[in-house]
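Single-letter residue listing:
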Amino acid sequence: MHSAVSQGKRLVAIRGATTVDSNTAAAMREAVSELLDALLSRNLMAVDDLLSLIFSVTTDLDAIFPASVARHRPGWDGIALLDTQQMAVRGDLKHCIRLLAQGWIAADRCPDNPYLRGAVVLRSDRS
């Protein structure tokens with residue numbers, strides 16, 4: 001039995017997204033950091049609760065890899081991280097960074113999916 005299960009936690013997948021104003025490394029670092037902070041705080045998670053994160057970016061973002069932002073955070077070196085490019089769909093939200101995180105949260109909590117900045121339009125029912 002996984003120790004998290006014995007501590008009253010359950011494994012969940014959490015979605016989230018944010019946007020940036022410009023395709024720059026600084027703008028992307030700031031937005032990804034804000035998104036990761038929201039992921040942890042809204043779900044009352046510690047870094048040790050995370051198993052993996054998949055980031056996707058729209059085709060108009062190529063300044064940095066979002067996973068590199070997570071990789072440089074203290075304690076995040078043991079988390080599996082992956083970057084990918086979001087499928088290009090006509091009319092999709094521009095300058096968007098999405099994430100899918102897998103991790104452990106308290107068994108009595110529902111996942112809180114952080115949709116920030118311009119990405120609130122993607123899931124206004126959950127932001």
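Since we're looking at a predicted model, the values are computed, not measured.

### Overview of the UniProt feature "binding site: prephenate" (unreviewed entry) in the protein
In the numbering used here, UniProt assigns the feature "binding site: prephenate" (unreviewed entry) to R15, R98 and Y115. Considering the C-alpha atoms alone, the annotated residues occupy 101 residues of sequence yet fold into one spot, their largest mutual distance being 8.8 Å. You can see R15 is positioned in strand β1 (residues 9-19). Once residues within four sequence positions are removed from consideration, R15 is found in contact with R98, L99, L100, N113, P114 and Y115. A distance of 3.4 Å separates a polar side-chain atom of R15 from the backbone oxygen of L99. For Y115, the position within the fold is in the segment after β4 (96-106).

### Considering the environment of A25
Within the secondary structure layout, A25 lies in helix α2 (residues 25-42). Considering only alpha carbons, one finds A25 and A107, 82 residues apart in sequence, at a separation of 37 Å.

### Observations concerning the pairing of β4
A regular strand places its side chains so that they alternate between the two faces of the sheet. Summarising burial for β4: 9 of the 11 residues are buried, a large majority. The sheet contact formed by β1 and β4 spans 11 bridges and is antiparallel. Within β4, the position partnered with T19 by the bridge is C96. Of the pairings in the sheet, the one linking strand β2 (residues 50-57) to β4 comprises 7 bridges and is antiparallel in character. Across the sheet, the residue bridging to F55 is L99, located in β4.

### Some details on the nonpolar core
L36, L50, L53, F55, W76 and I97 are the most contacted members of the largest nonpolar core, which totals 30 residues. A per-element tally of this core places α2 first, with 9 residues. Contacts of L53, omitting those with residues within four sequence positions, involve L36, L39, W76, I79, A80, L81, L82, L99, L100, A101 and Q102.

### Comments concerning the pattern of salt bridges
The tally for this structure, following the rule as stated, stands at 6 salt bridges. Put simply, R73 and D37 hold a salt bridge, and the shortest N to O gap is 2.5 Å. With R73 in the loop between α3 (66-71) and β3 (80-85) and D37 in helix α2, the pair connects residues that are 36 residues apart, well separated along the chain. Residue R73 is classed as buried on the basis of its relative accessible area of 17%. Overall, D37 belongs to the partly exposed group, its relative accessible area being 40%. R98 is paired through a salt bridge with D92; the nearest N and O atoms lie 3.3 Å apart. In this structure R98 comes out as buried when scored by relative accessible area, which is 8%. Among the charged side chains, a network of salt bridges with common partners joins E30, E34 and R117.

What counts, and at which threshold
Residues numbered from 1 in each chain as written. Predicted model: local features only at pLDDT ≥ 70, side-chain atom pairs only at ≥ 80, totals over all residues. Heavy atoms only, no water. UniProt positions renumbered as here; feature names shortened; annotations may be inferred. Helix = DSSP H or I, 4+ residues; strand = E, 2+ residues; numbered from the N terminus. Contact = heavy atoms within 4.5 Å. Polar contact = N/O pair within 3.5 Å; in protein donor to acceptor, adjacent residues only side chain to side chain. Buried < 20%, exposed > 50% of the residue type's maximum accessible area, 1.4 Å probe, protein only. Pairing = 2+ DSSP bridges. Core = buried A, V, L, I, M, F, W, Y, C linked by side-chain atoms within 4.5 Å. Salt bridge = Lys/Arg side-chain N within 4 Å of Asp/Glu carboxyl O.

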